[in-house]
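# Understanding the architecture of this molecule
This is what each chain is made of:
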Amino acid sequence: MTTLELYSKVTSVWVPDPDAVWISAQLLHDYNPGEKHLLLQLSDGTEVQHPVVSPSDLPPLGNPDILEGENDLTALSFLHEPAVLHNLRIRFLDYSSIYTYCGIVLVAINPYDQLPIYGEEVIDAYSGQDMADMEPHIFSVAEEAYRTMTREEKNQSIIISGESGSGKTVSAKFTMRYFAVVGGAAQQTSVEERVLASNPIMEAIGNAKTTRNDNSSRFGKYIEIGFGRKGNIIGANMRTYLLEKSRVVFQASAERNYHIFYQLCASRDFPEMRSLKLAAPENFRYTSQGGEMQIPGTDDLSDLERTRNAFTILGVQSDQQMELFRILAAILHLGNVNIQASGRNSDRSYIDADDGSLAVFSKLLGVEGPQMAHWLCHRRLTVGGEMLVKPVSGQQAVEARDALAKHIYGQLFTWTVQTLNSALRSQRGKPTSFIGVLDIYGFETFDRNSFEQFCINYANEKLQQQFNRHVFHLEQEEYVREELEWSRIEFSDNQQCISLIEGQLGLLDLLDEECRMPKGSDESWVRKLYDQHVSSKPHPHFRKPRMSNSAFIVLHFADMVQYECDSFLDKNRDTVFEELINILKASQSELVAELFQQQVNPSVANGSLRSGKRAHREHKLTVGFQFRQSLQQLMDTLNSTTPHYVRCIKPNDLKQPFMFDPKRTVQQLRACGVLETIRISAAGYPSRWTYEEFFNRYRVLLQGSQIQEQPQVSCRQVLPLLIPDPDQYCFGKTKVFFRAGQVALLERLRAERLRVAAVVIQSWVRMWLAQIRYSQIRWAAVTIQRYSRGTLARRLALTLRYTRAALIIQKTYRMVVVRQLFLMIRQATVTIQAFTRATLARRRYRQLVAERAAVLLQTRVRGWLARRAYQRVRAAVVYMQCCVRRKAARRELLKLKTEARSVERYRELNKGMEVKLMQLQLRVDQEARESVALRDTLNAEREAANAEMEALRATIQKLENQKQEKPQPCPVINQKEAEERRRAEEKTALEMKRITQELQALQREKDSFQKEKENLSTRLLEQEKTQEETVHQAVSQATAALKSELDEERLRYQSLLREFSRLEQRYDNLKEMSQLTERNTKGHRRSDSTQSLSFEPLSPSPTLTPLSLSPFPSAFPSPEEVRRVSVTSPSQERRVSVWSSETPMDQLMDSMDVAKVKMRGEDLAHAYDAVRVANRFLETQLRNQRSQWQEEVQAVKAQLSRVVSSAAPQQDLQELLEAREQECVRLRKELKELKSTSTLRQLLKQVLSSPLTPDNSCPSQLKSATVSGLLECRKRDETKLLKNLITDIRLDSALSLPPGLPATVLFLCVRQADCSGDQTRAQSLCSATVTAMKAALKKHSLDVDMTALWLKNSCLLHDLLNHCSPKQTLASEEMVPLTTDLSDSIRALSDLCIQAYQQLVFITESRLQNIIVPALLESETIAGLSGSAVKLPASRTRAGSDPRAAGGDAPTMAAVLREMGALYTALSRQALPPTLLEQAFHQLTYLISATAFNNMLLRKDMCNWSRGMQIRYNVSLLEEWLRERGLQAGGAVATLEPLIQAVQLLQLGKKTDTQAQALVQTCTVLSTQQIVKILTLYSPHNNLDERVTLNFIRTVQGLLKDRTDSPPPQLLMDVRRVFPVTFPSSPPPLPHADQLDIPDALKISFLRKV
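Quick look at the structure, then. (Residues numbered from 1 in each chain as written. Predicted model: local features only at pLDDT ≥ 70, side-chain atom pairs only at ≥ 80, totals over all residues. Heavy atoms only, no water.)

## Overview of the overall build of the chain
When helices and strands are counted, the chain shows 47 helices and 25 strands. Burial status across the chain gives 47% buried among its 1650 residues. Sequence separation of at least 24 residues holds for 74% of the intrachain contacts in the chain that already meet a minimum separation of 6. Split by element, the accessible area of the chain, about 85,500 Å² in all, is 53% carbon and sulfur. (Helix = DSSP H or I, 4+ residues; strand = E, 2+ residues; numbered from the N terminus. Buried < 20%, exposed > 50% of the residue type's maximum accessible area, 1.4 Å probe, protein only. Contact = heavy atoms within 4.5 Å. Areas by Shrake-Rupley, 256 points an atom, 1.4 Å probe, with all protein chains shown as cover.)

What follows is the structure in structure tokens.
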């Protein structure tokens, strides 16, 4: 199949477009050779016809979708401009990936946004990793250069180029930061700090705002970073190229001058800056021409502060800085000097004598103002041997002023670079190798191009030539390594264009010749160019413009550029009048005089004189000649190194974040050489596959007979059949090479083969479906037949059943009649038998009853007699018990009465509650009294009513009696009586009604009072409950806050211990180095004493402090291993340069009130001073925190007291409060002890100062207590005891000892010395023990078992001494405390426990670090799972990366579990507490999870389904291992959750919205950035899998925004995170000498039991 056959229907192609440069289209029909047009359908549905005159006019083919978004452009099947542009756009816009490989070139697109991909955790992830394994990044290029340098010991260079605003400066800054971190192990030492400090200085004096970039570098620089043999930075050197001095005096619209001028103007109000007489930038001509005074998002004031700090770091003193600022301010004032024209034709000029700007300029530079004014407006000439002074015109005077300003700034820039180089120069020997970082301007073309653009494009021509040749060389090396038969690759060499510029009679040669002419001009120079390169010998790269005679055109490799000849000669000469230079040489300022005295060939104007004598013509080297020389030196340097290329691309001119302009991008791709790399690769064999990868991918194209056991044999057999043209492929030793487009052909053949296979499968499936249908129809016919036959059979069976039923009925009837007769006879027989048997049974029962009655009577009588005797005895016993209990009850009554008298204490505790209860009781009593009063009133009313009723009844009765006695009255009287009676009855009824209503009202009021009482009781109970809960919550919060603060203080303290251990190790190293230097000096040669290092030996101190006894011995692996462990770990060494005068360190020590120490080792002294300053600062912080903490504790206590005082008297609540208070007291005590141990200043002074004088005042000797079961060690045997028991103990002997035996023996010896009253010996023995344990830890710094052994012994000895300390509360009254104050030794042992634990974890971490990624991510524990995975061309090793070791045994999970098992065994053997084991494995599992997780986020080959399955299985092995040993309780398994959820994310579906919701619900501990990164990196597992669509990613992002408990926004986990260790406080039982089993191998039989 040929390439033309790929132009078939539905094939994707690229067609040109005026706006988008290239757009995608599809063929609507197959292409046949000879057709003149192609019918295409664009992406918007429009149909167009593409003209095809010849096959070369066919549009470029599109790459398969599976290659979309590849991180290496050379992995694309079709290598051409539209494919490159499309791939970059997809990665930049869709995946937010700004870095892409293009062979050996890293393409970096400026995002114009801050991205979280440059942190220290990213440096950790890239350090020590292969370039081919990681995602493209600037750190990956830096790491490749560093690894190549350390491995091959060959110099490297990183060439960063691009046009202004593309991000060159930022890329160079990140590269230098990476080298400073990796080469210095993240330590802010002098060299690394100075290298980084050079960036803000060079940005201030060499960068400016342009229309394209807010921080554009207006010069080129090449920084050589020197490295020592161990890979550490020991020096640096900087070279600069072509500073744009014209910017000092002129700025275009919307541009600024150099940043330093605006920084000085912003600081004009500072006291030290007032003497500069500065004003706002708008008031100076040199800073106001562009109209831009401020850059959005920048602060000139803070930038100046950063610049001054950088100068200080580099050793530039404050007075020198002010001198430099005076010169810069003088330049600004020089621009404001007013030069006025005079004379008839304005051929003269003058400056007013009272010109303020000139006066300030002269004062700042220390020169004579009148002389400067005179020679700015005049010029000295020599005519016929006579000196003449000629006035110049106003325009010439302005040009002379501007030339002077440019020259001063140029000299100042050169002096600054030289000062930086002297500060960065190595002082520790000559570097063995270096890495150069070249930050140089890219190809430039503007509407008007001048001399600067000409030099810049000339430099890019040279760099492009070097780049082309290097790429060609790498291609040929690959072919030679694979032993290919190849022909020379032709590539476009731009040597002709370079010869046009720098060759004989070239542009620069003619320009220098014209500059030497007395009356040379730009017009005469351009005419010479036309005559030489157009008329005489036409040059293919030189042209004359049609419409101009003052310009010329050069055909560069990137574009055709037209240069305007104006000012070419002046800029090339760069001349300044000698008279002005002489004035500056005579300046009173030392710096100004130094700037102009160091010139070898000063700028001399034509015809000027020197010292009153006749001048001889002296011409300095022109700018073009100097630039050509420096460029040649640069090329020689680059050719002697291994180059690495970074091409920066500016995506748009609007500086908008993530906005892609295809026109600008293509223009830069053409200019920076990326497309040339593609073209060179496409000219050879760009597609390369290993035989295994090719076989796994295209084995479907092989026939059965063609499949061999060896993939190489199969490939060699099948390729000639698949690709008939042998020139389109080539077989190498390990790879098969294809020309451009052949992989697409193979992909099409593979797709066709899969299509044919799919058709075959479909045919078989359809046959299978037809067979199934036939079987179903046949089964239906058989079923119908079966049912018909069944119906006929059932009819026959029914007839037979009727006949049989009649017979059965007859038989059954006869059987029933006979059975009834049988049953009647049988029933009668059974009844007779039953009556007979009952009569016999009753007769026998009566006999048994008579016999049983006699036995029962005897039993009852005997029982009565026994019970009566028992009751008599029981009564006597009860009486005796009552007497005893009465006596005890009387005693108890007396005791209760005594306790009742102390009720006042309980009342005082609950005084507040009693007051409330009394108030409530008073209110109840008042209500009761009111109720009684109401009740009495009611009774009185009732009695009155009853009395009245009785009176009325008596009256009625009397009336009735009178009526009966007297005669009948007249009717009128009867009516009156009736009326009175009626009225009385009504009155009585009303009174009864009123009384009833009052009774009801009183009853309701009583009910309301009862309800109110119940409500008050309920409310009181609720209030008591609420207050109890409030108190409990407040106590819990206070306890939690104290615990968290304690954890933070513990972490800080442990960090200080680790830092001090490193400093102590550094001291030991320097001491050994000093001794070695002195030994070499004495034995070989003599040298100046000031050049040799000498240290004062440490004298033994009688009192050992915690830090003096707590070194943390560090292992010294190779630099590569150190970087793999953690390149950003805290520093192990720190060097501070010594200045001749008072240094910033001295000032800082004075401000912090730290005393100075004089020592002979300068490095050690300054390192010690730095530590002391840091400790004083930490001490101040701890005091402030302590005072703040005490205020918070007082506030909490006050709140608790208020709550407790208002709470109800509940005994349970009181007990809870007391328990919480005791807990708070314990925590405060522990925090106080921990803070007291962190005051390091006095401890360091005791370690490094002269021996302390022993205190004469001995503590009072306490009376010795008698304790048995101790061990006595004589004074002369103490050294032998420590030597046999700690220092010289062998590994096998130590591991066979019972856990903690050395600590127990030593404790008994210390306790015996204390009991004997010899406190000095007890202290010395304890201090010597700690020192010996420290030495043992240092000796076995890489042994897990021995470190665990001394961790156990140090912990046990600390617990025993602390338990018997007189400061501790003794558990038993019989325990005798120690009389000796061993608090210092106890604190030292506490520190030693922490350091032993840290050393133990460090050993295991260093062993695990190199095997975590291979074992957890790369190992294939599930055999064959990834064998079916598709290996795309992007997975091949990139050119320039070091090859992988073949055939080596890769680490697996067994290696990880083996290392962790070794630690677990060592800890378990020593019977350490389980909580300590859980903390250790919690730290290790976090390291494993963070390292693997970070590596997976930066590797595209890890983000697929099969690899996720492998990783999940490996993690499950680790989880199972932890659970089997019961280590999951300490959080060890929880730290693996981010890795587990990341793997689940790879295995979940990623298409629908439901799957997106499930994904968000699953990944709860992953941040939004991490989830999006994994989805972006996800690669298809095979053809059945697909990439994650952008719509799905946006859906997931929308769901993630709605999460309430989202994790903190971070991309990578912090690998350097350290969890503080907490040792459980469990007082051990006091040992006894008789209980110890001491082996004879220890040789300590000289101990005596007492």
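Still more ground to cover, so stick around.
## Brief notes about the nonpolar core
The nonpolar side chains of soluble globular proteins are, as a tendency, buried together. Phe 179 and Phe 552 are the most contacted members of the largest nonpolar core, which totals 320 residues. The element that contributes the greatest number of residues to this core is helix α12 (residues 394–424), accounting for 15 residues. Of all hydrophobic cores here, the second largest spans 18 residues; its members include Leu 701, Cys 715, Leu 722 and Tyr 729. (Core = buried A, V, L, I, M, F, W, Y, C linked by side-chain atoms within 4.5 Å.)

## Thoughts on the environment of Ala 405
Note on placement: Ala 405 falls in helix α12. Classification of Ala 405 by relative accessible area gives buried; the value is 0%. Ala 405 sits 160 residues away from Lys 245 along the chain, and the two C-alpha atoms are 9.0 Å apart. Dropping the residues within four chain positions of it, Ala 405 is found in contact with Val 248, Val 249, Tyr 286, Ile 331 and Leu 334.

## Looking at helix α43 (residues 1505–1524)
Taking 1.5 Å per residue as the helical rise, α43 with its 20 residues ought to reach 28 Å, and the 28 Å between its terminal C-alpha atoms agrees with that figure. By the burial criterion, the buried members of α43 are Ser 1506, Arg 1507, Gly 1508, Gln 1510, Ile 1511, Asn 1514, Val 1515, Leu 1518, Glu 1519, Trp 1521 and Leu 1522. Against the buried residues of α43 lie α40 (1412–1418), α41 (1453–1469), α42 (1474–1497) and α44 (1537–1547). One or two positions beyond α43, positive phi appears at Gly 1526, with a value near 70°. (Expected span 1.5 Å × (residues − 1).)

## Regarding the sheet that holds strand β11 (residues 233–241)
Across the sheet, seven strands lie side by side as β5-β6-β20-β7-β16-β10-β11; this open sheet has mixed pairing. Sheet topology places β5 (99–102) and β11 at the edges, where each strand pairs with a single neighbour. Direction aside, the axes of adjacent strands within the sheet are offset by 20° on average. Across five bridges, strand β6 (residues 105–109) lies against strand β20 (residues 642–649) in parallel orientation. In the strand pairing of β20, Ile 109 is matched with Ile 649. Helix α20 (residues 623–639) contacts β7 (156–161), β10 (220–227), β11 and β16 (433–439) of the sheet and is inclined by roughly 145° relative to β11. (Pairing = 2+ DSSP bridges. Axes fitted to C-alpha atoms, helices over the stretch in contact; angles between N-to-C directions.)

## Notes on the packing of helix α34 (residues 1278–1287) against helix α36 (residues 1301–1315)
Interaxial distance between α34 and α36 falls to 10 Å at its minimum, and their mutual angle equals 160°. Judged by the inter-axis angle, α34 sits roughly antiparallel to α36. Here α34 runs over α36; the crossing is left-handed. Contacts between α34 and α36 involve Leu 1281, Leu 1282, Leu 1285 and Ile 1286 from the former and Pro 1302, Val 1305, Leu 1306 and Cys 1309 from the latter. The residue inventory of the contact of α34 with α36, partitioned by class, reads eight nonpolar, no polar and no charged. (Parallel < 35°, antiparallel > 145°, perpendicular 65-115°, else oblique. Left-handed = near helix turned anticlockwise from the far one by under 90°. Nonpolar A, V, L, I, M, F, W, Y, C, P; charged D, E, K, R; others polar.)

## Digging into the sheet that holds strand β4 (residues 47–51)
The pairing of strands in a sheet comes from backbone hydrogen bonds and takes either a parallel or an antiparallel form. One open sheet accounts for four strands, arranged β1-β2-β3-β4; its pairing is antiparallel. In the strand order of this sheet, the two ends are held by β1 (12–17) and β4, each with one partner. The average angle at which neighbouring strand axes cross in this sheet is 50°, direction not considered. Bridge count for strand β3 (residues 37–42) against β4 is five bridges, and the pairing is antiparallel. By the bridge assignment, His 37 is partnered in β4 with Pro 51. Relative to strand β2 (residues 21–27), helix α1 (residues 81–94) is tilted by about 105°, and along the sheet it contacts β1 and β2.

## Section: the side chain of Gln 156
On the secondary structure map, Gln 156 appears in strand β7. Its relative accessible area of 0% is what places Gln 156 among the buried residues. In terms of polar contacts, Gln 156 uses its side chain to reach the side chain of His 644, at 2.8 Å. Discounting residues that sit within four places of it in the chain, Gln 156 has contacts with Ala 145, Thr 148, Met 149, Tyr 222, Phe 434, Ile 435, Gly 436, Thr 641, Thr 642 and His 644. (Polar contact = N/O pair within 3.5 Å; in protein donor to acceptor, adjacent residues only side chain to side chain.)

## Examining empty space enclosed by the protein
Within the structure shown, the criterion is met by eight cavities of 30 Å³ or more. The volume enclosed by the largest cavity comes to roughly 210 Å³. Surrounding the largest cavity, 22 residues form its lining, Gly 442, Phe 443, Asn 460, Ala 671 and Cys 672 being those nearest its centre. The residue makeup of the lining of the largest cavity, split by class, is nine nonpolar, nine polar and four charged. Of the pockets and cavities examined, the second largest cavity occupies roughly 130 Å³. Together, 13 residues line the second largest cavity, and Ser 217, Arg 218, Glu 244, Tyr 441 and Ile 456 are the ones closest to its centre. Where the lining of the second largest cavity is concerned, the elements lending two or more residues are β9 (216–217) and α13 (451–481). Its residues assigned to classes, the lining of the second largest cavity comprises five nonpolar, three polar and five charged. (1 Å grid on protein atoms, 1.4 Å probe; cavity = no way out; pocket = protein on both sides within 12 Å on 5 of 7 lines; lining within 4 Å. Points joined across faces, edges and corners; volume = space filled by probe spheres on them.)

## A word on a nonpolar patch on the surface
Taken together, the side chains of Val 756, Val 760, Trp 764 and Met 767 define a hydrophobic patch exposed on the protein surface, amounting to about 380 Å² of accessible area. By secondary structure assignment, the location of Trp 764 is in helix α25 (residues 742–900). (Patch = residues over 30% accessible without salt bridge, like charges linked within 9 Å, V, L, I, M, F, W, Y side chains within 5 Å. Salt bridge = Lys/Arg side-chain N within 4 Å of Asp/Glu carboxyl O.)

## Topic: the environment of Pro 1377
Examined against the element boundaries, Pro 1377 turns out to sit in the loop between α38 (1344–1363) and α39 (1383–1409). The partly exposed category is assigned to Pro 1377, whose relative accessible area is 29%. For the pair Pro 1377 and Leu 1361, spaced 16 residues apart in the sequence, the C-alpha separation amounts to 9.6 Å.

## Let's talk about the pattern of salt bridges
Scanning all chains against the criterion turns up 42 salt bridges. Across the pair Lys 1275 and Glu 1278 runs a salt bridge whose closest N-O atoms are separated by 3.9 Å. Given the relative accessible area of 8%, Glu 1278 is considered buried. Two residues, Asp 1288 and Lys 1283, come together in a salt bridge whose shortest N-O distance is 3.9 Å.

## Quick word on helix α21 (residues 662–672)
Residue pairs spaced three or four apart in an α-helix point in one direction, given the helix's 3.6 residues per turn. Burial within α21 is extensive, with eight of its 11 residues counted as buried. Listed in full, the buried residues belonging to α21 are Pro 662, Arg 664, Thr 665, Val 666, Gln 668, Leu 669, Ala 671 and Cys 672.

## A look at the packing of aromatic side chains
How two aromatic rings sit relative to each other is set out by the distance from centre to centre and by the angle between their planes. Counted by the stated rule, this structure contains 29 aromatic pairs. Consider the rings of Phe 467 and Tyr 645, whose centres lie 4.7 Å apart with planes at 80°: the pair is edge-to-face. Of this pair, Phe 467 sits in helix α13 while Tyr 645 sits in strand β20, placing them 178 residues apart in sequence. Overall, the relative accessible area of 1% leaves Tyr 645 in the buried class. Directly above the aromatic system of Tyr 262 lies the positively charged group of Arg 256, at a separation of 3.9 Å from the ring centroid. Cation over ring: Arg 1525 sits above Tyr 1464, and NZ or CZ is 5.7 Å from the ring centre. (Phe/Tyr/Trp six-rings, centres within 6.5 Å; stacked < 30°, edge-to-face > 60°. Lys NZ or Arg CZ within 6 Å of the ring centre and 35° of its normal.)

## Comments concerning unusual backbone geometry
Phi angles above zero are rare outside glycine, and Tyr 112 is one such case at about 55°. Along the chain, Tyr 112 turns up in the loop between β6 and α2 (120–126). If you check the backbone angles, Leu 242 has positive phi at about 50° while not being a glycine. On the accessibility criterion, Leu 242 (19% relative accessible area) is buried.

## Some thoughts on the packing of α39 against α41
The description of two helices packed together rests on the angle between their axes and the distance between the axes. Put simply, α39 and α41 touch, their axes get as near as 10 Å, and they point 165° apart. Regarding the angle of α39 to α41, the classification is roughly antiparallel. Where α39 crosses over α41, the two elements pack in a sense that is right-handed. For the pair α39 and α41, the contacting residues are Leu 1400, Thr 1404, Arg 1407 and Leu 1408 in the first and Val 1456, Glu 1459, Met 1460, Leu 1463 and Leu 1467 in the second. Its residues assigned to classes, the contact of α39 with α41 shows six nonpolar, one polar and two charged.

## A look at the pairing of β16
Extensive coverage of β16 is indicated by the burial of seven of its seven residues. The side-chain alternation of β16 yields two buried faces, one formed by Ser 433, Ile 435, Val 437 and Asp 439 and the other by Phe 434, Gly 436 and Leu 438. Where β7 meets β16, five bridges bridge the pair, whose relative direction is parallel. Counterpart to Ile 160 in the pairing with β16 is Asp 439. Where β10 lies against β16, seven bridges are found, and the strand directions are antiparallel. Bridging across to β16, Ile 225 finds its partner in Ile 435.

Purely spatial values, then, with no claim about function.
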